Amino acid sequence: MRTAVYPGSFDPITNGHLDIIRRGTRLFDRVIVAILENEEKAPLFPLDERIEMIREVTSDLPSVEIQSFSGLLVNFVRKVDAAAVVRGIRAVSDFEYEFQMALMNRELAPDAETIFMMPAVEYSYVSSRLIKEVFRLGGEIDRLVPPLVLQRLADRFPRNG
Ligand code: PNS
């Protein structure tokens, strides 16, 4: 049984994240989406809502589990006995930060591999941060997030008319 951990803030989950989750399910028997509990980041969506949204939009993927974690990622990886950490790389600009994290995690836990995956090219510029900003300012992001997330954003930032 090969388990991967796909960690992140997921505030909120985007179609780019979902694309990586789907790709991960083709390589691993179990993919645990691990949501960082970090109130310092002042998330838009509380943890339980992020969990609920991810659960809903991955309900067609039986090998996906959703869990939250705090503290070091490598401790969580050990706890769930995962073979790998999966991270999405969208562009070269992601690489430096991801490379540092992967090597620091390797320093802390030499047997936890990090696997980088590229999302479909149509999501290569999508981030949760930009999704929130563009939606709040009235831009169309319908193609970039699941309908449920769009609805939850609309609840947070009501639009007139
Ligand atoms: O979606 P994000 O915010 O880019 O995800 C970042 C995340 C959660 C993967 C990273 O911040 C993390 O692993 N945090 C847990 C604390 C930790 O292990 N820090 C050392 C990483 S080298």
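Data block above holds the structure.
Residues numbered from 1 in each chain as written. Predicted model: local features only at pLDDT ≥ 70, side-chain atom pairs only at ≥ 80, totals over all residues. Heavy atoms only, no water.

Peer 1: I would appreciate a short explanation of the pairing of strand E4 (residues 84–88) in the present structure.
Peer 2: It is a general feature of regular strands that their side chains alternate between the two faces of the sheet. Among the five residues that make up E4, four are buried, leaving the element largely enclosed by the rest of the structure. Bridge count for strand E1 (residues 3–8) against E4 is two bridges, and the pairing is parallel. For Val-5, the partnering residue across the bridge sits in E4 and is Val-85. Pairing between E4 and strand E5 (residues 113–117): five bridges, direction parallel. Bridging from a neighbouring strand, Gly-88 pairs with Met-117 of E5. In the classification by handedness, the crossover that spans E4, the intervening helix H4 (residues 92–108) and the parallel E5 is right-handed. (Buried < 20%, exposed > 50% of the residue type's maximum accessible area, 1.4 Å probe, protein only. Helix = DSSP H or I, 4+ residues; strand = E, 2+ residues; numbered from the N terminus. Pairing = 2+ DSSP bridges. Right-handed = clockwise from strand over helix to strand, strands pointing away.)

Peer 1: Sorry if this is basic, but what is going on with the packing of aromatic side chains here?
Peer 2: Note on aromatic pairs: each is described by the distance of the centres and the angle between the planes. Throughout the structure, instances matching the rule amount to five aromatic pairs. Pairing Tyr-6 with Phe-10 gives two aromatic rings, centres 5.3 Å apart and planes at 70°, and the pair type is edge-to-face. Centroid distance Phe-95 to Phe-116: 6.4 Å. Interplanar angle 65°. Geometry classified as edge-to-face. Within this pair, whereas Phe-95 is found in helix H4, its partner Phe-116 is found in strand E5, the two being separated by 21 residues in sequence. Looking at Phe-95, the relative accessible area reads 39%, which means it is partly exposed. Chaining the aromatic ring pairs together yields one cluster made of Phe-95, Phe-99 and Phe-116. (Phe/Tyr/Trp six-rings, centres within 6.5 Å; stacked < 30°, edge-to-face > 60°.)

Peer 1: Hey, could you run me through helix H2 (residues 47–57) in this one?
Peer 2: An α-helix turns once per 3.6 residues; consequently, residues spaced three or four apart project the same way. Among the residues of H2, those classed as buried are Leu-47, Glu-49, Arg-50, Ile-51, Met-53, Ile-54 and Val-57. Next to the buried residues of H2 lie helix H1 (15–27), strand E2 (30–36), strand E3 (64–69) and helix H6 (147–156). (Contact = heavy atoms within 4.5 Å.)

Peer 1: Quick question: what am I supposed to make of unusual backbone geometry here?
Peer 2: Most peptide bonds take the trans configuration, and most residues that are not glycine carry a negative phi. Following Asp-11, the chain continues into Pro-12 via a peptide bond in cis, with omega recorded as 0°. Mapped onto the secondary structure, Pro-12 falls in the loop between E1 and H1. Even without being glycine, Phe-10 reaches a positive phi, approximately 50°. Note that Phe-10 resides in the loop between E1 and H1. Positive phi, normally seen in glycine, also occurs at Asp-81, with a value near 60°. Tracing the chain through its elements places Asp-81 in the loop between helix H3 (73–79) and E4.

Peer 1: Sorry if this is basic, but what is going on with the pattern of salt bridges here?
Peer 2: Side chains that differ in sign of charge can pair as their charged atoms come close. Counting across every chain of the model gives eleven salt bridges. Salt-bridge contacts for Glu-49 lead to Arg-156; the nearest nitrogen and oxygen are separated by 2.9 Å. In this pair, Glu-49 sits in helix H2 while Arg-156 sits in helix H6, placing the two residues 107 residues apart along the sequence. Exposure remark for Glu-49: the relative accessible area of 13% places this residue in the buried category. With its nearest N and O atoms 2.7 Å apart, the salt bridge here joins Glu-98 to Arg-87. Taken together, the residues Glu-98 in helix H4 and Arg-87 in strand E4 connect sequence positions eleven residues apart. Comparing Glu-98 with Arg-87 shows no difference in burial state: the two are buried. (Salt bridge = Lys/Arg side-chain N within 4 Å of Asp/Glu carboxyl O.)

Peer 1: Looking at this structure, how should I read the site of the ligand?
Peer 2: Around the ligand sit 13 residues in total, of which Ser-9, Lys-41, Gly-71, Leu-73 and Arg-87 are the nearest. Separating an oxygen atom of the ligand from a side-chain N or O atom of Ser-9 is a distance of 2.6 Å. Interatomic distance of 2.8 Å between a backbone N/O atom of Leu-73 and an oxygen atom of the ligand. When isolated, the ligand has an accessible area of 550 Å², and the protein chains bury 77% of it. Of all the secondary structure elements, the ones that give two or more residues to the shell around the ligand are E1 and H4. Sorting elements by how many residues they give to the shell around the ligand places H4 first, with three residues. Taken together, the residues that form the shell around the ligand break down as seven nonpolar, four polar and two charged. (Near = heavy atom within 4 Å. Polar contact = N/O pair within 3.5 Å; in protein donor to acceptor, adjacent residues only side chain to side chain. Areas by Shrake-Rupley, 256 points an atom, 1.4 Å probe, with all protein chains shown as cover. Nonpolar A, V, L, I, M, F, W, Y, C, P; charged D, E, K, R; others polar.)

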